[in-house]
Amino acid sequence: MTTPHINAETNDFAPAVLMPGDPKRAERMAGMILDSARLVTDVRGMMGFTGTYSGSGEHYGKPLSIMGSGMGMPSIAIYATELFRFFDVERIIRVGTAGGISPDVSVGDVIIGVGAHTTSSMNELRIPGTHFSAIADLRMAAAALKAAEGTMNVFTGPIISADHFYFSIPGQLDAMVAHGVLGVEMEAASLYGVAAEHGKGALTVLTVSDHLTKKGTDMTSEERESRFQGALTLAIAAAFA
Ligand code: HPA
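These numbers come from a predicted model, not from an experiment. (Residues numbered from 1 in each chain as written. Predicted model: local features only at pLDDT ≥ 70, side-chain atom pairs only at ≥ 80, totals over all residues. Heavy atoms only, no water.)

A look at the site of the ligand
Residues in contact with the ligand, as listed here, are Thr97, Ala98, Gly99, Phe165, Val184, Glu185, Met186, Ser209, Asp210 and Leu212. In the environment of the ligand, a nitrogen atom lies 3.5 Å from a nitrogen or oxygen atom belonging to the backbone of threonine 97. Aspartate 210 places a polar side-chain atom, nitrogen or oxygen, 3.0 Å from a nitrogen atom of the ligand. Here the ligand has 260 Å² of accessible area as a free molecule, and 88% of this is covered by the chains. Here the ligand is seated within the largest pocket. (Near = heavy atom within 4 Å. Polar contact = N/O pair within 3.5 Å; in protein donor to acceptor, adjacent residues only side chain to side chain. Areas by Shrake-Rupley, 256 points an atom, 1.4 Å probe, with all protein chains shown as cover. 1 Å grid on protein atoms, 1.4 Å probe; cavity = no way out; pocket = protein on both sides within 12 Å on 5 of 7 lines; lining within 4 Å. Sits in = over half its atoms within 2 Å of the grid points.)

A few points about the layout of surface pockets
In this structure, the largest pocket occupies an estimated 780 Å³ of space. Residue lining of the largest pocket: 32 residues in total, with Gly99, Phe165, Val184, Glu185 and Met186 positioned closest to the centre. Sorting the residues of the lining of the largest pocket by element identifies β5 (91–100), α4 (172–178), β8 (183–185) and β9 (201–211) as the ones contributing at least two each. Top contributing element to the lining of the largest pocket by residue count: β5, with 6 residues. Among the residues making up the lining of the largest pocket, the classes are represented as 15 nonpolar, 10 polar and 7 charged. (Points joined across faces, edges and corners; volume = space filled by probe spheres on them. Helix = DSSP H or I, 4+ residues; strand = E, 2+ residues; numbered from the N terminus. Nonpolar A, V, L, I, M, F, W, Y, C, P; charged D, E, K, R; others polar.)

Looking at the packing of aromatic side chains
A full pass over the atoms with the stated rule returns 3 aromatic pairs. Between the aromatic rings of phenylalanine 13 and phenylalanine 87, the centroid separation amounts to 5.4 Å while the plane-to-plane angle is 70°, which identifies the pairing as edge-to-face. Here phenylalanine 13, found in the segment before β1 (16–19), pairs with phenylalanine 87, found in the loop between α2 (73–86) and β5; they are 74 residues apart in sequence, far enough to count as distant. With respect to class, phenylalanine 13 is no different from phenylalanine 87; both count as buried. Measuring from ring centre to ring centre gives 4.7 Å for phenylalanine 165 and tyrosine 166, while their planes differ by 70°; the resulting arrangement is edge-to-face. The same class applies to phenylalanine 165 as to tyrosine 166, namely exposed. In this structure, arginine 25 packs its charged tip against the face of phenylalanine 228, placed 3.7 Å from the ring centre. (Phe/Tyr/Trp six-rings, centres within 6.5 Å; stacked < 30°, edge-to-face > 60°. Buried < 20%, exposed > 50% of the residue type's maximum accessible area, 1.4 Å probe, protein only. Lys NZ or Arg CZ within 6 Å of the ring centre and 35° of its normal.)

Right, here's the structure in full:
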């Protein structure tokens, strides 16, 4: 089954797909956590890999896929729709980065985005006359949270999926802080909408890579890698939930 954006066979994907934004990160992740990883799609350079989980524990040897989503809601919606609709994928876990919003979170922290506000109109069109609630799969979120227990400090709560990286309306950031938004990224709300449309599961696990209300708190490169590992551990737990 070749779709407009995925040149793979129908059974080339595992039931769960981890989705970083960057296809090069997908390739690095495949090298880190998959045995026998093979490239299953590369249309527009958006690489997808399938192999078996190489980590120790109960999930060792289970099939798992990793594919880039690109940046922004239209991009992830295209890949998520084709994966759910044509490749029998059951769960997608976005593994990405976020800008910190809440002063409670710090650069390096991990956020499980259980719901996603959005500046996008993509979900407005789903149920006429209705403000759609873009929510994660609770079973997957619970598995991720359980995997974090005792090993890392993790935040669960609302995130915002923005269309603009370089633009915001005056007052928007203050209102986000006032409403307890943990961080901003650019994909989760449409991923959750697409998952709802297809009766499938989705989750977003984010590492806070920069901060919009607490300046000057950038991570060192070692911190970046170790914190990213934390988010990946949670995403793997959700993949096999
Ligand atoms: N804005 C949107 N997406 C992001 C950011 C940000 O500041 N940081 C990481 N992803």
